[in-house]
Amino acid sequence: MLRLLKVRGHSLYPDYKQGDYVLAASSPFPSGKISADDVIVIQQPGYGLLIKRVQQVLGDGRSFDVRGTQIDSTDSRNFGPVQREHVMGKVIWHIR
Amino acid sequence: MSKKLIQKIEAWHPIDEVQAHCDIPCGIYDPHHAQIGALTVVRMVDLIADQVKEHGKGSTAEFINGMARFIAIKEEHAELVKHETRIIWGDFIKQPHLEEFPQLNGLVHKIMQLGSKARQTADRETALGLLDAVNEFAEIFWQIKGKETKRVKAPYAVTEEMVVPIL
């Protein structure tokens, strides 16, 4: 399933700017599993629908360390590893 | 598919937003304290002028006590303006905001300078200049937050204009 979303905020600046659009594909992902450097959309409890870049796939591939590009981005440094069930999609197209 | 085409589609069919948060989501920033500080400086300058008008160059205990209090509050609130502005500029404002509003750094510097001058003098023009600059800063802040603003007469003992968000 594909989902068109609009980026709000500057956590992934300058790669993704506020007002950009992304097309996110939910599992099963067209390009296989989630890997480091993929940009994913997550539904993080207490934080809402977020877009982050995968820094590292942890353990058995069921959780991910995600990061923004800014010093004060809200990411795994705040809420810890993201569990696989909270990943809503993987960005397959970035419309800037 | 181009961004312009999607923007046209979005005009009649809303597209969900995905958050690329900076700072903690519950981060609370508001230029209101800086605005109150600037209005207070104007009020203290007015009270100082009234005191001089009433007592001339008198040196009664009442005169000296009143003046000392007005000056102390003016000092405190001019510094409050500088402090609150610095917090928003340093913690909330990000590089993309500076690119979108290239006047921001100059405006913050102006607030710092006028804040200091407002402490050094009892000049009403300086106090009003500080308030103007803080209002401009508030307008930019709310624009960044995606909120429209309006200018209203302050509902206080000084009724100069202040910028408020339309929430």
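Before any of the text, the structure's been laid out above.
My aim in this report is to walk through the structure given alongside it, one point at a time. None of these values were measured; they are calculated from a predicted model.

Examining the overall build of chain A
The number of helices and strands found in chain A is one helix and seven strands. When the helices and strands of chain A are read in sequence order from the N terminus, they spell out β-β-β-β-β-α-β-β. Excluding contacts between residues fewer than 6 apart, the proportion of contacts in chain A whose partners are at least 24 apart in sequence is 46%.

Quick word on the pairing of strand β7 (residues 87-95) of chain A
All names here are of chain A. Of the strand pairs in this sheet, strand β2 (residues 21-25) and β7 are connected by five bridges, and their pairing is antiparallel. The partner of A24 across the bridge, within β7, is V91. Two strands pair when backbone bridges link them, and strand β3 (residues 39-44) and β7 are joined in this way by three bridges, in the antiparallel orientation. Residue pairing for β7: V41 is matched across the bridge by G89.

Quick word on the interface of chain A and chain B
Accessible area lost during the coming together of the parts is what is often quoted as the interface size. Of the residues lining the interface, 29 residues belong to chain A; the matching set on chain B comes to 16 residues. For the side of chain A that touches chain B, the secondary-structure elements that each account for two or more residues are β1 (2-9), β2 and β4 (48-58) of chain A. Broken down by element, the residue count for the side of chain A that touches chain B peaks at six residues, all from β1(A). For the side of chain A that touches chain B, a count of residues per class yields 14 nonpolar, ten polar and five charged. Sheet analysis places β1(A) next to strand β1 (residues 17-20) of chain B, joined by four bridges and oriented parallel. Pairing of A:G9 across the sheet is with B:A20, part of β1(B).

So, the nonpolar core
Residues and elements named next belong to chain B. Of all hydrophobic cores here, the largest spans 29 residues; its most connected members are A38, V41, V42, L130 and V134. Counting only elements with at least two residues in this core, the list comes to α2 (32-55), α3 (61-92), α5 (104-120), α6 (124-144) and β3 (161-165). Considering each element in turn, this core owes the most residues, nine residues, to α6. What A38 contacts, discounting residues up to four positions off in sequence, is V81, L130, L131 and V134.

Considerations on α3(B)
All names here are of chain B. Across its 32 residues, α3 extends 46 Å between first and last C-alpha, which sits within 8% of the 46 Å expected from 1.5 Å per residue. Along α3, the residues that are buried comprise F70, K74, H77, A78, V81, K82, E84, T85, I88 and W89. If you follow the buried residues of α3, they end up packed against α2, α5 and α6.

Basis of the calculations
- Residues numbered from 1 in each chain as written.
- Chains lettered and ligands numbered in written order.
- Predicted model: local features only at pLDDT ≥ 70, side-chain atom pairs only at ≥ 80, totals over all residues.
- Helix = DSSP H or I, 4+ residues; strand = E, 2+ residues; numbered from the N terminus.
- Contact = placed C-beta atoms within 7 Å.
- Pairing = 2+ DSSP bridges.
- Nonpolar A, V, L, I, M, F, W, Y, C, P; charged D, E, K, R; others polar.
- Core = buried A, V, L, I, M, F, W, Y, C linked by C-beta atoms within 7 Å.
- Buried ≥ 20, exposed ≤ 12 C-beta atoms within 10 Å, placed from the backbone.
- Expected span 1.5 Å × (residues − 1).

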